[in-house]
Amino acid sequence: MMIDRRSLLKYAALVPLLGAAPRLARAAGGAATEKADYTLRIGTGLIELSPEHIVSTTLYNGQFPGPLLRFKEGQRVVVDVYNDTDTPELVHWHGQMIPSDVDGAAEEGTPFVPAHGMRRIAFTPKPSGFRFYHTHVVAGRDLNRGTYTGQAGPVYIEPKNNPGAYDREIVLVLKEFAPAFSRGGDMNMDMLVGAPLKALQQMGKAADEEAQEKTKGFEVGYELFGINGRMLGHGEPVRVKRGERVLFHLLNASATEIRSLALPGHVFRVIALDGNPVPTPADVRVLWLGTAERISALVEMNHPGVWVLGDLADDDRRHGMGIVVEYAGQRGKPQWVKPTPFRWDYTRFGKSSAVPVPPDETIEITVVKHNAALNGFNQWTLNGEAFSMDIMKPMYTVHQGRRYRLKFRNASDDIHPLHLHRHSFELTRIGGKPTAGVLKDVVMLGGFQELEFDFVADNPGLTLFHCHQQLHMDFGFMALFNYA
Ligand SMILES: [Cu+2]
């Protein structure tokens, strides 16, 4: 969708269909008499990142992050969503295997929550683990829409039996505010393992030479950063005691950015990625999270002091990306110590003798960037095709029960957080290494690199695949899967 006006017309046409009189959308699988378990209200509100920085944006229930929703695996929930804004909205239940009409993507056929209307949503949450919810509308060139706003909140789906050996759980949501467009600015490239591939670099070079525009496309930058809606030093610190084992659930709710985190003198034992327990929990000193990725990591509090749990990027940390961790009885200025360079390797958390199950079919997808091709915005194509929001044509047909391997080839220098809706996938090859057992719903594809993941077609219905970088998904980087 490149022309905002056209999509507005489309929304306008949808509204009468969604129930005229009090503009109540049809309840999806929920009886109208039933009491809702949760209510989400979408509306404009203020976030006090610090006393000097108060931002106006769209929020859930007037807060950032949106309320933590605790579900029980397999136990049906009813959520009423009220939209107090002037534009239709969508709430996407990221990382859950639920039907297309409640998943929260227009491309899959989920109805919009009408402007100044409501929609009742009911589904049975699964799988257990750390998930989240966020808006799924197109932002395009409007930085007041989509994931540029504060519409994101954590979900925790409790497993039927909880094996946790920790003293406390802390949810931290990482997010930037006050976005603005700028030209150029390449991403930090050296944080993922694996080397760029020559053939993909050449393909990227050819696309650059073909481009009509010789300038680089727009990127989004931010002025303000925060964890749980507070700039570093302005929220309540995480208060800990020596000897405690704290389980951090971290969510990168950015629209476009990759985030890093370190806590001086401490080690993160990564136990789950995107809410799914990993086969091999491993210790790391730095966490890297692509847009929409989650990490659950245990930290043993054995280094008393007052510390900054913060982003490695000095500028982002100085503008708020961090939170203070304070031991009981300790005083003083929070300390930051830059960690030694660390590259993120998903295979560390995989099965050691990695032999992935062979797929029934392999689908190859090559990603190409067309510099500034759309009035200054980069256009993205998958196998030569940019997704059209107006046509919404499925690109691939899958058969229930079959195992598919998606092989991605990135002919661009950008890192892409690839996201598949309504299914988990298993990493089978990344950074040049085979692996197995790591189940995710978002994975970072390195610049000029390849990766492979497998998924089993086990949740019939239209299924969206896209890059979770809002600027990329809005400008072509999407594909729809259809069940035969
Ligand atoms: Cu991307």
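It should be emphasised that the depicted structure is a prediction, and the values quoted were computed from it without experimental measurement.

### Some thoughts on the overall build of the chain
Across its full length, the chain holds 5 helices and 31 strands. Buried residues in the chain amount to 57% of all 484 residues. Here the chain displays about 19,400 Å² of accessible surface, and carbon together with sulfur accounts for 51% of that area.

### Description of the pairing of strand S17 (residues 294-300)
Counting buried positions along S17 gives 6 out of 7 residues, so the element sits mostly inside the fold. Judged from the 7 bridges that link them, strand S12 (residues 245-252) and S17 form a sheet pairing that is antiparallel. When the bridges of S17 are listed, Val246 appears paired with Val299. Sheet topology places strand S14 (residues 268-273) next to S17; 4 bridges connect them, and they run antiparallel. Residue pairing across strands places Arg269 opposite Leu298, the latter belonging to S17.

### Digging into the sheet that holds strand S18 (residues 306-310)
One open sheet holds the 3 strands; their spatial order is S11-S19-S18, and the pairing between them is mixed. Each of the sheet's edge strands pairs with one partner strand only, and the pair in question is strand S11 (238-240) and S18. Neighbour-to-neighbour, the strand axes of the sheet open up by a mean angle of 25 degrees, direction not taken into account.

### Focus on the side chain of Arg131
Here Arg131 lies in strand S7 (residues 129-135). Judged by its relative accessible area of 0%, Arg131 falls in the buried class. One polar contact links the side chain of Arg131 to the main-chain carbonyl oxygen of Asp274, over a distance of 2.7 Å.

### A word on the confidence of the model for the chain
Predicted confidence across the chain gives a mean pLDDT of 91, with 91% of residues reaching 70 or more. Within the model, the stretch residues 1-30 combines pLDDT values under 50 with 49 contacts to residues more than four positions away or in other chains.

### Examining the coordination of the copper ion
Around the copper ion, the protein supplies His416 (ND1), Cys467 (SG) and His472 (ND1) as donor atoms, at distances of 2.0 to 2.1 Å. Classification of His416 by relative accessible area gives buried; the value is 0%. Relative accessible area serves as the criterion here: at 0%, Cys467 is assigned to the buried category.

### Some points on the nonpolar core
Soluble, globular proteins show a tendency: their nonpolar side chains are buried together. Counting 80 residues, the largest nonpolar core has Phe248, Leu287 and Trp344 as the members making the most contacts within it. Filtering out sequence-adjacent residues up to four positions away, Trp344 remains in contact with Met191, Leu192, Val193, Val270, Leu273, Val284, Val286, Leu287, Trp288, Ile295, Phe349 and Met444. Tyr60, Phe71, Val79 and Val113 belong to the second-largest nonpolar core, a separate cluster that totals 18 residues.

### Things to note about the environment of Arg317
By the element assignment, Arg317 lies in helix H4 (residues 314-318). Classification of Arg317 as buried rests on a relative accessible area of 9%. For the pair Arg317 and Lys35, spaced 282 residues apart in sequence, the C-alpha separation works out to 43 Å. When neighbours within four sequence positions are excluded, Arg317 is seen to be in contact with Leu232, Val308, Gly310, Asp311, Leu312 and Trp336.

### A closer look at the side chain of Gln469
As for its placement among the helices and strands, Gln469 is situated in the loop between strand S30 (463-467) and helix H5 (470-473). In terms of polar contacts, Gln469 uses its side chain to reach the backbone amide nitrogen of Leu471, at 2.9 Å.

### So, the packing of aromatic side chains
This structure, assessed with the given rule, holds 21 aromatic pairs. Arranged with centres 5.9 Å apart and planes meeting at 80 degrees, the rings of Phe71 and Phe123 form a pair that is edge-to-face. Of this pair, Phe71 sits in strand S3 (residues 69-72) while Phe123 is found in strand S6 (residues 117-123), placing the two residues 52 residues apart along the sequence. With relative accessibility at 1%, the residue Phe71 sits in the buried group. Judged by relative accessible area, Phe123 falls into the buried class, the value being 3%. Ring centres 5.8 Å apart and planes at 85 degrees place the aromatic pair Phe455 and Phe481 in the edge-to-face group. Of the two residues, Phe455 is situated in strand S29 (residues 450-456) and Phe481 in strand S31 (residues 478-483); the sequence distance between them amounts to 26 residues. Side by side, Phe455 and Phe481 carry an identical accessibility label, which is buried. Taken together, the ring pairs connect Tyr38, Tyr60, Phe71, Trp93, Phe123 and Tyr133 into an aromatic cluster.

### Quick look at the sheet that holds strand S15 (residues 276-284)
Strands sit in the order S10-S9-S12-S17-S14-S15 across an open sheet of 6 strands; the sheet is mixed. Two strands in the sheet have a free side with no partner beyond their single neighbour: strand S10 (218-227) and S15. In this sheet, neighbouring strand axes are inclined to one another by 25 degrees on average, regardless of whether the strands run parallel or antiparallel.

### Here we look at the pairing of S29
With 5 of its 7 residues buried, S29 lies for the most part within the structure. Sheet topology places strand S23 (residues 403-410) next to S29; 7 bridges connect them, and they run antiparallel. Opposite Arg405, over in S29, you have Asp454 as the bridge partner. With 4 bridges joining them, strand S25 (residues 425-430) and S29 adopt antiparallel strand pairing. Counterpart to Ile430 in the pairing with S29 is Leu451.

### Examining the pattern of salt bridges
Here the structure, examined in full by the defined rule, presents 30 salt bridges. Here Arg405 and Asp454 are joined by a salt bridge, their closest N and O atoms 2.7 Å apart. Of this pair, Arg405 sits in strand S23 while Asp454 sits in strand S29; the two residues are 49 residues apart in sequence, bridging distant segments of the chain. A single burial state applies to Arg405 and to Asp454, both of which are buried. A single network of salt bridges, built from pairs that share partners, joins Arg131, Asp274, Glu293, Arg294, Lys440 and Asp441.

Cut-offs and rules
Residues numbered from 1 in each chain as written. Predicted model: local features only at pLDDT ≥ 70, side-chain atom pairs only at ≥ 80, totals over all residues. Heavy atoms only, no water. Helix = DSSP H or I, 4+ residues; strand = E, 2+ residues; numbered from the N terminus. Buried < 20%, exposed > 50% of the residue type's maximum accessible area, 1.4 Å probe, protein only. Areas by Shrake-Rupley, 256 points an atom, 1.4 Å probe, with all protein chains shown as cover. Pairing = 2+ DSSP bridges. Axes fitted to C-alpha atoms, helices over the stretch in contact; angles between N-to-C directions. Polar contact = N/O pair within 3.5 Å; in protein donor to acceptor, adjacent residues only side chain to side chain. pLDDT = per-residue confidence, 0-100. Contact = heavy atoms within 4.5 Å. Donors = N, O, S within 2.8 Å, 3.2 Å for Na, K, Ca; no water. Core = buried A, V, L, I, M, F, W, Y, C linked by side-chain atoms within 4.5 Å. Phe/Tyr/Trp six-rings, centres within 6.5 Å; stacked < 30°, edge-to-face > 60°. Salt bridge = Lys/Arg side-chain N within 4 Å of Asp/Glu carboxyl O.

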